[in-house]
Amino acid sequence: MAVEDTQPLITHLIELRKRLLNSIIAVLVIFLALVYFANDIYQIVSAPLIQQMPTGSTMIATDVASPFFTPIKLTIYVSVFLSAPVILYQIWAFIAPALYKHERKLVTPLLISSSLLFYIGIAFAYFVVFPLAFGFLTKTAPTGVVMSTDISKYLDFVMTLFMAFGVAFEVPVAIILLCWMGVTTPAALKQKRPYIFVGAFVVGMLLTPPDIFSQTLLAIPMYCLFEVGVFFSRYYVGKGRRDMEGAEEDDDRSESES
């Protein structure tokens, strides 16, 4: 391999390292700012369950080190969530040189909207889904069974739901991208509405606790967001593919002229 052939690879690796370091630094800075309040953060996250637990019931720690490590683990998750816009920007900055001009114009609003939708999904899970789901689950315990949830198990449970709702709320962005690339069209998506509606409930059943309230509370927003994505996608139908073909034609024309 010639030296000039290795130069672009080395340059890309250096740029990738720079973007990774920037992302890690952003997470680390937020973590250091929040770690002192780790126990308070865990109290906030566990409040929806504690408020629904029977009088006298408390959360427990079955592992000796859980009271220390579980809040720290949660703080790391929170730091990553809060630094998501910075991480997404670093990804965009890394791939931006390889994008066409029309693609760069689309990336910025998509980054902003995807970050907002992710946070809205998490907020929806915390303020709407958790109170209803935990209220149902705490009332279904058999007689004589005292509900005392382990703090580490609870953290794993709520983080799964946070990720499920955060990703589910990205549906409009995914639909716009698919229509922009010409993979599908709003008309084709409208014809699949019955399947999408049923699929939303299937996804809700798989990602949420086994109660009709939380399943419905994920399925209904997912379907509504699907309709939002279909509505806005009509402005982007095949636009990415057409712009890319136009850019390639311009490149071919400039090469032939030269």
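Residues numbered from 1 in each chain as written. Predicted model: local features only at pLDDT ≥ 70, side-chain atom pairs only at ≥ 80, totals over all residues. Heavy atoms only, no water.

If you check an unreviewed UniProt entry, the protein appears there as Sec-independent protein translocase protein TatC from Cedecea colo. UniProt, in its Sequence similarities (unreviewed entry) section for the protein, records the words "Belongs to the TatC family." (UniProt positions renumbered as here; feature names shortened; annotations may be inferred.)

Applying the stated criterion across every chain yields a total of 3 salt bridges. One salt bridge in this structure joins Arg193 and Glu227, with 3.0 Å as the shortest N-O distance. A residue pair is termed long-range when its members are at least 10 positions apart, and Arg193 in helix H9 (residues 193–207) and Glu227 in helix H10 (residues 212–233) qualify at 34 residues. Residue classification places Arg193 among the partly exposed residues on the basis of a relative accessible area of 31%. (Salt bridge = Lys/Arg side-chain N within 4 Å of Asp/Glu carboxyl O. Helix = DSSP H or I, 4+ residues; strand = E, 2+ residues; numbered from the N terminus. Buried < 20%, exposed > 50% of the residue type's maximum accessible area, 1.4 Å probe, protein only.)

Residues given the UniProt feature "transmembrane region" (unreviewed entry) here are residues 20–38, 74–95, 116–137, 157–183, 195–212 and 218–237. For residues 74–95, the end-to-end C-alpha separation is 30 Å, with 95% helix and 0% strand making up the annotated structure.

Of all hydrophobic cores here, the largest spans 45 residues; its most connected members are Phe130, Tyr154, Val158 and Phe162. Contributions of two or more residues to this core are made by helix H2 (38–50), helix H3 (66–82), helix H5 (101–138), helix H6 (151–168), helix H7 (171–180) and H10. In terms of residue count, the dominant contributor to this core is H5 (11 residues). Among residues more than four places away in sequence, those in contact with Val158 are Val45, Phe130 and Phe134. (Core = buried A, V, L, I, M, F, W, Y, C linked by side-chain atoms within 4.5 Å. Contact = heavy atoms within 4.5 Å.)

Let us look at a nonpolar patch on the surface. Taken together, the side chains of Leu9, Leu13, Leu16, Leu20, Ile24, Ile91, Phe94 and Ile95 define a hydrophobic patch exposed on the protein surface, amounting to about 700 Å² of accessible area. Elements supplying a minimum of two residues to the nonpolar patch: helix H1 (3–34) and helix H4 (84–95). The biggest single contributor to the nonpolar patch is H1, with 5 residues. Relative to the assigned elements, Ile24 resides in helix H1. (Patch = residues over 30% accessible without salt bridge, like charges linked within 9 Å, V, L, I, M, F, W, Y side chains within 5 Å. Areas by Shrake-Rupley, 256 points an atom, 1.4 Å probe, with all protein chains shown as cover.)

This part takes up the side chain of Ser66. Take Ser66: it is sitting in helix H3. Not counting the four nearest positions on each side in its chain, Ser66 is found in contact with Ala61, Pro71, Ile151 and Ser152.

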